[in-house]
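Listed below are the residues making up each chain.
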Amino acid sequence: MDVVYFNWLDYLVFGAMLALSAFIGIYFAFFAKRKQNTTSEYLMGGKTMGMFPISMSLIASYISGISLLGLPAEMYTYGTQLWAIVLSEWIVSVTIAIVYLPVFYNLQITSTYEYLRLRFNQNVQLLGSIIFIIKMLLYIPIVIYVPALAFNQVTGINLHLITPIVCLVCIFYTTLGGIKAVVWTDTLQTILMYFGVIFIVIYGTWRLGGVGEVMRINKDGDRLEFFNMDPDPTIRHTFWTTVIGNYFSWLASCSVNQAMVQRCLALPSLKKARITILIMAVGIYVIVSLCCYTGLVVYATFASCDPLTTGAIRKSDQLLPYLVMTITGSIPALPGIFMSGVFSAALSTMSTGLNSMCGVIFEDLIRPAYNKPISEKTASFIMKIIVVIIGAVCVALVLLVEHMGALIQAGKSLAGITAGSLLGLFTMGLFMPWINATGALAGGTTSTLLVGWMSLGTQAAMLRGDIVFIPKPVSVAGCPGNITIPTITSQTSIEFDRSGTFFLYRISYFYYTLIGMLVCVTTGTIVSFFTEPNEPAMVHRDLLTPVIHRFLPLQSPQCIKPRLTQHDIELHAREMEELCAQAVFMKEKRGGVDDLQKQKSTLGQ
């Protein structure tokens, strides 16, 4: 099959997506009624955002180009066991709505990690903020690199050229338009993402003869595997690792993530925030399932002629773009729309990361360093500079990502280094009132170091060949030109080479977050026990999840309500002034209507 590359119409569609994203940033910076020149507007959208754009933004933020390209590649290479991750995502959304969100919403904090200051102290907040920043700086370059690699596959353009151009657009609209520009560009990009994936699924299935034929080919190719119930934690993917392990990974990514909390607090009420979380869960369930099924379509298309074996592509991440250009390259603008969707997923994740990192750096690192209040004009300028700087750093780090192997697993493994410790810190704060600040610091630090050692050690062992991931069998029997490369066969029940490799290096990367959380909580409990644990009655109930209130002793009358920062006091004062001004305006407007009615009544008489 001849591969068709981008034509002028595809480039036009892709360029239009970038131009429209930039225009949204310009609109909210210069033409919207409420300018993005205050902290509340820039980071929280004035807390007047609607459920639809916030829901779309959350979906786009958590479905990156890694998901759109990596999930089909995973299904093709290792089978469908990873598809089971959708089961735990429903439970996570309920957990967030009931356990975590009420606390953050009642406190009305700008930075998630401000909670750690209120619950523990400034040092724990600083630890949490630094861990989050490290996490995003490790993750965003991978998010950018994967779709750039795909774009290189369909156009031949050097990824070092396309990456800075696309990232500059993202930095541009994020810097100018704040969270409103991020949210509305995410909405546009989510629509493009869904359209591209759905079209490929429908068209690819139709070409193969229907869903039944797709499933038959995958069954013959040993791709269908959903209930591998082996409890061995060293097997890469089983039912337990993908459901239990992903529950904690997803919980850490959503419940205590600055991007999630920042968007939920941009909504006017807790009820709307909870509904938004459920909409997000539905959206993610649908797009993840579509991506996984797309992997089955890819395998069914190339079951008899593996493009990796024949050298048509270099990495499995290029399988889906290769499919798109092979089967839909002749359809006008379709490849351009698909690649716009893939890059949209990356842009939305990057813009969300930049905006949330901006909030954390400004609120947790810069503002406390000032001895006097920062004016809104100065704060707006500083936040824009922060976005530009960290955006440039992320673009530079893409050059390092290019030299990494196994990008999908590497990304999740690196995220696990920080996810477990962050989830552990917030779990101790919300559920365990006896944990003190010393215990929280010890737990967070120990967890990060241990899981970091595990993750980096595993990557090193994989590079040495001590750990082997055995893929499913592929074939080149149906390739044109009488290519005779032997079919790869393997025992798929054994995923790791267990010959003498250190046990912690062999544990499935899905368990990293769970291990990190358990180590953090255990260490924090032990250290708190030996350093005067808190008296539960002296920890204010606003800082603890409502789920455990009934199990706690009565709150002491001497318990101090969480203290707001000077910034919070100023922000709330400004919000009250705005509400009073609106009330006066409505009263005057109502008075004018009454006078007009009186005049009409007089004239009528």
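Naming follows an unreviewed UniProt entry, where the protein appears as Sodium-coupled monocarboxylate transporter 1 of Pieris macdunnoughi. Recorded in UniProt for the protein, the comment headed Subcellular location (unreviewed entry) runs: "Cell membrane".

Bringing the overall build of the protein into the picture now. When you go through the protein residue by residue, the secondary structure sums to 21 helices and 0 strands. Within the protein, the fraction of its 605 residues that count as buried is 60%. Pairs at least 24 residues apart make up 85% of the contacts formed inside the protein by residues separated by at least 6 positions. For the protein, the computed accessible surface area is about 24,600 Å², with 68% contributed by carbon and sulfur atoms.

Let us look at the pattern of salt bridges. Tallying each qualifying case throughout the model produces 6 salt bridges. With its nearest N and O atoms 3.0 Å apart, the salt bridge here joins Glu74 to Arg236. On the criterion of sequence distance, the pair formed by Glu74 in helix H4 (residues 65-78) and Arg236 in the loop between helix H9 (211-220) and helix H10 (239-254) is long-range, its members being 162 residues apart. Neither Glu74 nor Arg236 differs from the other in exposure class; each is buried. For Arg117, the salt bridge goes to Glu114, with nearest N and O atoms at 3.7 Å. Here Arg117 pairs with Glu114, and both are found in helix H6 (residues 114-119), just 3 residues apart, close to one helical turn. On the basis of relative accessible area, Glu114 is assigned to the buried category, the value being 4%. Three or more residues are tied together by salt bridges with common partners; here these are Glu213, Arg216 and Asp220.

Contact pair helix H5 (residues 85-107) / helix H12 (residues 270-302): the axes reach a minimum separation of 10 Å and the direction vectors enclose 160°. Regarding the angle of H5 to H12, the classification is roughly antiparallel. The crossing of H5 and H12 is right-handed. For the pair H5 and H12, the contacting residues are Ile85, Val86, Glu89, Trp90, Ser93, Ile96, Ala97, Ile98, Leu101, Pro102 and Tyr105 in the first and Leu270, Ala273, Arg274, Ile277, Leu278, Ala281, Val282, Ile284, Tyr285, Val288 and Ser289 in the second. Residue composition of the contact of H5 with H12, by class: 18 nonpolar, 2 polar and 2 charged.

Looking at the secondary structure, you find Asp306 in the loop between H12 and helix H13 (307-310). Contacts of Asp306, omitting those with residues within four sequence positions, involve Tyr76, Val474, Ser475, Val476 and Cys479.

This part takes up the packing of helix H18 (residues 437-464) against helix H20 (residues 512-530). A packed helix pair is summarised by two numbers, namely the angle formed by the two axes and the spacing between the axes. Put simply, H18 and H20 touch, their axes get as near as 7 Å, and they point 150° apart. With respect to H20, the element H18 is oriented roughly antiparallel. As for the relative orientation of H18 and H20, their crossing is right-handed in sense. Residue-level contacts link Thr438, Gly439, Ala442, Gly443, Gly444, Thr446, Ser447, Leu450, Val451, Met454, Ser455 and Thr458 of H18 to Tyr512, Ile515, Gly516, Met517, Val519, Cys520, Thr523, Gly524, Val527 and Ser528 of H20. Across the contact of H18 with H20, the residue classes break down as 10 nonpolar, 12 polar and no charged.

Before going further, it helps to spend a moment on the environment of Ser455. Mapping Ser455 onto the fold places it in helix H18. For the pair Ser455 and Ile417, spaced 38 residues apart in the sequence, the C-alpha separation amounts to 6.9 Å.

Attention now moves to unusual backbone geometry. Although it is not a glycine, Asp222 adopts a positive phi angle of roughly 65°. Locating Asp222 in the fold gives a position in the loop between H9 and H10. Notably, Glu532 is not glycine yet its phi reads approximately 60°, a positive angle. Looking at the element boundaries, Glu532 is found in the loop between H20 and helix H21 (566-604).

Glancing now at the packing of aromatic side chains. Following the criterion strictly, the structure yields 19 aromatic pairs and no others. Ring centres 5.4 Å apart and planes at 50° place the aromatic pair Trp90 and Tyr285 in the tilted group. Here the residue Trp90 occupies a position in helix H5, and Tyr285 occupies one in helix H12, the gap between them amounting to 195 residues. For Trp90, a relative accessible area of 35% translates into the label partly exposed.

Mapped onto the elements, Val261 comes out in helix H11 (residues 258-264). A sequence separation of 153 residues divides Val261 from Gln108, and the C-alpha atoms of the two residues are 9.9 Å apart. Setting aside its immediate chain neighbours within four residues, Val261 contacts Phe104, Thr112 and Ser255.

Here we come to a nonpolar patch on the surface. Taken together, the side chains of Trp90, Ile91, Val282, Tyr285 and Val286 present a nonpolar region at the surface, about 410 Å² in accessible area. Every element with two or more residues in the nonpolar patch is listed here: H5 and H12. You can see Ile91 is positioned in helix H5.

Criteria and cut-off values
- Here, residues in each chain are numbered from 1, in the same order as that chain's written sequence.
- Residues qualify for local features only when their pLDDT is at least 70, as the model is predicted, and side-chain atom pairs are given and counted only at 80 or more; totals for whole chains, interfaces and linings, by contrast, use all residues.
- Values reported for side chains reflect all heavy atoms of the structure, with hydrogen atoms and water molecules removed beforehand.
- UniProt positions are given in the numbering used here, feature names are shortened, and annotations may be inferred rather than shown by experiment.
- Secondary structure elements are defined from DSSP: runs of H or I of at least 4 residues count as helices, runs of E of at least 2 residues count as strands, and each element is numbered from the N terminus.
- For every residue, the accessible area obtained with a 1.4 Å probe (protein chains only) is divided by the maximum for its type, and the residue is called buried under 20%, exposed over 50%, and partly exposed between those limits.
- Throughout, a residue-residue contact means that at least one pair of heavy atoms, one from each residue, lies within 4.5 Å.
- Each accessible area is a Shrake-Rupley result for a 1.4 Å probe, and residues are judged covered by the shown protein chains and nothing else.
- Put simply, a salt bridge is a Lys or Arg side-chain nitrogen that is within 4 Å of an Asp or Glu carboxyl oxygen.
- Here an axis means a line fitted to C-alpha atoms, over the contact stretch when the element is a helix, while the angle between two N-to-C directions is reported on a 0 to 180 degree scale.
- For classification, angles of less than 35 degrees are called roughly parallel, those exceeding 145 degrees roughly antiparallel, those between 65 and 115 degrees roughly perpendicular, and all remaining angles oblique.
- Each crossing gets its hand from how the near helix is turned against the far one by less than a right angle, where anticlockwise is left-handed and clockwise is right-handed.
- Ten residue types, Ala, Val, Leu, Ile, Met, Phe, Trp, Tyr, Cys and Pro, are classed as nonpolar, four, Asp, Glu, Lys and Arg, as charged, and the remainder, Gly among them, as polar.
- Each aromatic pair joins two rings of Phe, Tyr and Trp (for Trp, the six-membered one) with centres within 6.5 Å, and gets the label stacked for planes under 30 degrees apart, edge-to-face for over 60, and tilted for any other angle.
- Patches were defined on residues exceeding 30% relative accessible area and lacking a salt bridge, with like-charge contacts within 9 Å and nonpolar side-chain contacts (Val, Leu, Ile, Met, Phe, Trp, Tyr) within 5 Å.

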